[in-house]
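Close look at the chain arrangement
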Amino acid sequence: MVTFEGYERRIDKINAVLKEYGFTDLDQMAQYVKDQGVDAEGIVRGVQPIAFENAVWAYILGAAILSEIGDIHRFASPAKLLAFAGLEPSIYQSGRYQSASGSMVKRGSPHLRWALMQAARLVPRFNDVFGQYLNKKLSEHKHFSVASSHVAKKLVRVIFALLKNNVYFSSSTRSSAA
């Protein structure tokens, strides 16, 4: 049986269209398409490799991130964008002492920080570059949340480079900004 996200909400409208074309149900239509030599599911998965149930999240997070960033030309560097998102580490100094590590300052846009952290948890599951980076941080014995924040920072650097250079992301080509 053919099912998809939102099946219950949409099936009545889909069945009406199927009847117009002489099909009784989705399975009959799917078999017809297959008999014509078209791999519809393969085409969709090739265009959208993220699992179908996660596709909505990907677009929502992408839209949230882009709407919070706004015009990328407001930021001179990825570090400025990291600061806007509140993902840069805090710095503690006293005399000659300087802390070796600091927690996130959490200034800036809480919506952007939330969207980036959610994306940082999803992206490694579907992209090898980010997956390997997460595994590298975990192999350095970092807590999962700390490793995810590192992925979020890498994601910010990649997003910055993509928007500044007006290019699409490709795992096969690496940018110096990443």
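This text follows the structure it describes.
These notes cover the structure that comes with them.

Procedures and definitions
Residues numbered from 1 in each chain as written. Predicted model: local features only at pLDDT ≥ 70, side-chain atom pairs only at ≥ 80, totals over all residues. Heavy atoms only, no water. Helix = DSSP H or I, 4+ residues; strand = E, 2+ residues; numbered from the N terminus. Buried < 20%, exposed > 50% of the residue type's maximum accessible area, 1.4 Å probe, protein only. Contact = heavy atoms within 4.5 Å. Areas by Shrake-Rupley, 256 points an atom, 1.4 Å probe, with all protein chains shown as cover. Axes fitted to C-alpha atoms, helices over the stretch in contact; angles between N-to-C directions. Parallel < 35°, antiparallel > 145°, perpendicular 65-115°, else oblique. Nonpolar A, V, L, I, M, F, W, Y, C, P; charged D, E, K, R; others polar. Core = buried A, V, L, I, M, F, W, Y, C linked by side-chain atoms within 4.5 Å. Polar contact = N/O pair within 3.5 Å; in protein donor to acceptor, adjacent residues only side chain to side chain. Phe/Tyr/Trp six-rings, centres within 6.5 Å; stacked < 30°, edge-to-face > 60°. Lys NZ or Arg CZ within 6 Å of the ring centre and 35° of its normal.

Now for the overall build of the protein chain. Check the secondary structure of the protein chain and you find eight helices and two strands. The secondary structure elements of the protein chain, listed N-terminal to C-terminal, are α-α-α-α-α-β-β-α-α-α. Classification of the 178 residues of the protein chain by burial places 29% in the buried group. Partitioning the intrachain contacts of the protein chain with sequence separation of at least 6 by distance along the chain shows that 54% fall at a separation of at least 24. As displayed, the protein chain offers around 12,100 Å² of accessible surface, 55% of which is attributable to carbon and sulfur atoms.

Bringing the packing of helix α6 (residues 110–126) against helix α8 (residues 144–165) into the picture now. To characterise two packed helices, one gives the angle between the axes of the helices and the distance between these axes. In the contact formed by α6 and α8, the axes pass within 8 Å of each other and the chain directions differ by 95°. It follows from the interaxial angle that α6 and α8 lie roughly perpendicular. Between α6, through L116, M117, A119, A120, R121 and P124, and α8, the contact on the second element is made entirely by F144, S145, S148, S149, V151, A152, L155, V156 and I159. Considering only residue class, the contact of α6 with α8 consists of eleven nonpolar, three polar and one charged.

Let's shift gears to the nonpolar core. Counting residues in each nonpolar core, the largest one holds 27 residues, and the members touching the most others are I65, I69, L81, L87 and L116. For this core, the element with the most residues is α8, which contributes eight residues. Excluding anything up to four places from it in sequence, L81 contacts I69, I72, F75, V156 and F160.

For the rest of this paragraph, the subject is the side chain of S109. Positionally, S109 belongs in the loop between β2 (97–98) and α6. Here L112 takes part through its backbone nitrogen, which lies 3.1 Å from a polar atom of the side chain of S109.

In this section: the packing of aromatic side chains. Scanning all chains against the criterion turns up one aromatic pair. Judged by centre distance (5.3 Å) and plane angle (50°), the ring pair of F75 and F84 falls under tilted. It is R74 that lies over the ring of F84; its NZ or CZ is 5.3 Å from the centre.

Mapped onto the elements, I72 comes out in the loop between α4 (52–69) and α5 (78–85). For the pair I72 and I159, spaced 87 residues apart in the sequence, the C-alpha separation amounts to 9.5 Å. With sequence-adjacent residues up to four places away left out, I72 is seen in contact with L81, F160, L163 and K164.

One non-glycine residue with positive phi stands out, namely H141, at about 65°. When you line up the elements, H141 lands in the loop between α7 (128–139) and α8. In the Ramachandran plot, N166 falls in the positive-phi region, its phi being about 55° despite a non-glycine side chain. Tracing the backbone shows N166 in the segment after α8. Residue classification places N166 among the exposed residues on the basis of a relative accessible area of 71%.

Along the chain, the position of S149 falls in helix α8. With relative accessibility at 7%, the residue S149 sits in the buried group. Among the polar contacts made by the side chain of S149, one reaches the main-chain carbonyl oxygen of V146 at a distance of 2.6 Å.

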